[in-house]
Amino acid sequence: YDSVSPGGTAEGESIGLFLELARALRAAEPRHTVELVALGAEHARLGGGFLGSRRLVRLLQEAGANPLVVTIESTRPGRVAVIGAVDELAAAARAAGVRTVAVGESEAGETASERHRIFALEGLQHAGLSGPPEDLGTLLLEFLSARQRS
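Residues numbered from 1 in each chain as written. Predicted model: local features only at pLDDT ≥ 70, side-chain atom pairs only at ≥ 80, totals over all residues. Heavy atoms only, no water.

Chemist: Break down helix 3 (residues 86–96) for me, with residues and values.
Modeler: Of the residues making up helix 3, those classed as buried are Leu-89, Ala-92 and Ala-93. Axial view of helix 3: buried residues confined to an arc of 105 degrees, hence all on one face. Among the exposed residues of helix 3, those pointing more than 90 degrees away from its buried face are Asp-87, Arg-94 and Ala-95. Looking at the residues trailing helix 3, positive phi occurs at Gly-97, about 70 degrees. (Buried < 20%, exposed > 50% of the residue type's maximum accessible area, 1.4 Å probe, protein only. Helix = DSSP H or I, 4+ residues; strand = E, 2+ residues; numbered from the N terminus. Arc of directions from axis to C-beta.)

Chemist: Now, about unusual backbone geometry: what can you tell me, with residues and values included?
Modeler: Look at Ala-41: it is not a glycine, yet its phi comes out positive at around 60 degrees. Mapped onto the elements of the fold, Ala-41 is located in the loop between helix 1 (11–28) and helix 2 (51–63). Judged by relative accessible area, which is 42%, Ala-41 ranks as partly exposed. A positive phi angle is found at Phe-50, which is not glycine, with a value near 55 degrees. Note on placement: Phe-50 falls in the loop between helix 1 and helix 2. Phe-50 sits in the buried class, given a relative accessible area of 11%.

Chemist: So, the environment of Ala-22: which residues are in play, and what are the values?
Modeler: By the element assignment, Ala-22 lies in helix 1. Taking the relative accessible area as the measure of exposure, Ala-22 reaches 31% and is therefore partly exposed. Linking Ala-22 and Leu-36, residues 14 residues apart in sequence, is a C-alpha distance of 7.3 Å.

Chemist: Talk me through the nonpolar core; I want residue IDs and the actual numbers.
Modeler: Counting residues in hydrophobic clusters, the biggest one holds 18 residues, and the most contacted among them are Val-80, Val-82, Leu-89, Leu-129, Leu-139 and Phe-143. Among the elements of the structure, helix 1, strand 2 (80–84), helix 3, strand 4 (125–131) and helix 6 (133–149) are those that each provide at least two residues to this core. The element that contributes the greatest number of residues to this core is helix 6, accounting for five residues. Leave out the neighbours within four places in its chain, and Phe-143 touches Leu-68, Val-70, Glu-88, Leu-89 and Ala-92. Residues Leu-60, Val-69, Phe-119 and Leu-124 belong to the second largest nonpolar core, which totals eight residues. (Core = buried A, V, L, I, M, F, W, Y, C linked by side-chain atoms within 4.5 Å. Contact = heavy atoms within 4.5 Å.)

Chemist: Can you break down the sheet that holds strand 2 residue by residue, with the values?
Modeler: Pairing is mixed across the open sheet formed by four strands, whose spatial order is 1-4-2-3. Each of the sheet's edge strands pairs with one partner strand only, and the pair in question is strand 1 (68–75) and strand 3 (100–102). Ignoring strand direction, the axes of neighbouring strands in this sheet form an average angle of 25 degrees. Relative to strand 3, strand 2 runs parallel, the two sharing three bridges. Along strand 3, the bridge assignment pairs Val-82 with Ala-102. (Pairing = 2+ DSSP bridges. Axes fitted to C-alpha atoms, helices over the stretch in contact; angles between N-to-C directions.)

Honestly, it's all geometry; don't read function into it.
Below, the structure is given as structure tokens:
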């Protein structure tokens, strides 16, 4: 995870954000279930790629689960970009003071768009996030805190 992906983004920051989010959630002791899943083989050319996303969809279907799936697409400077379930994250973004911009599939980039389609085609709500790690972490913690209160 310390190499450059085909999209040119260093994966290390995303993994660091993922691990820090897990640590912060453990400390927050939410009263609801939060499952963090690292998706593997997303850039594989086998079977159309996105093998981790496709497997997660199958596991959720087999379990009869219909959660909101949030993926960290990339870390990069600028505002947080959201593809997909924008409304689900809007209140949390406002509460956290994080400026977001909704992007369509054509603007999100090939990887984010394809991952979004994989979840959406199976009827799962999905939001893909890109942006500065600090803002992504703040937004996700606020979002998960708000969900536990509802």
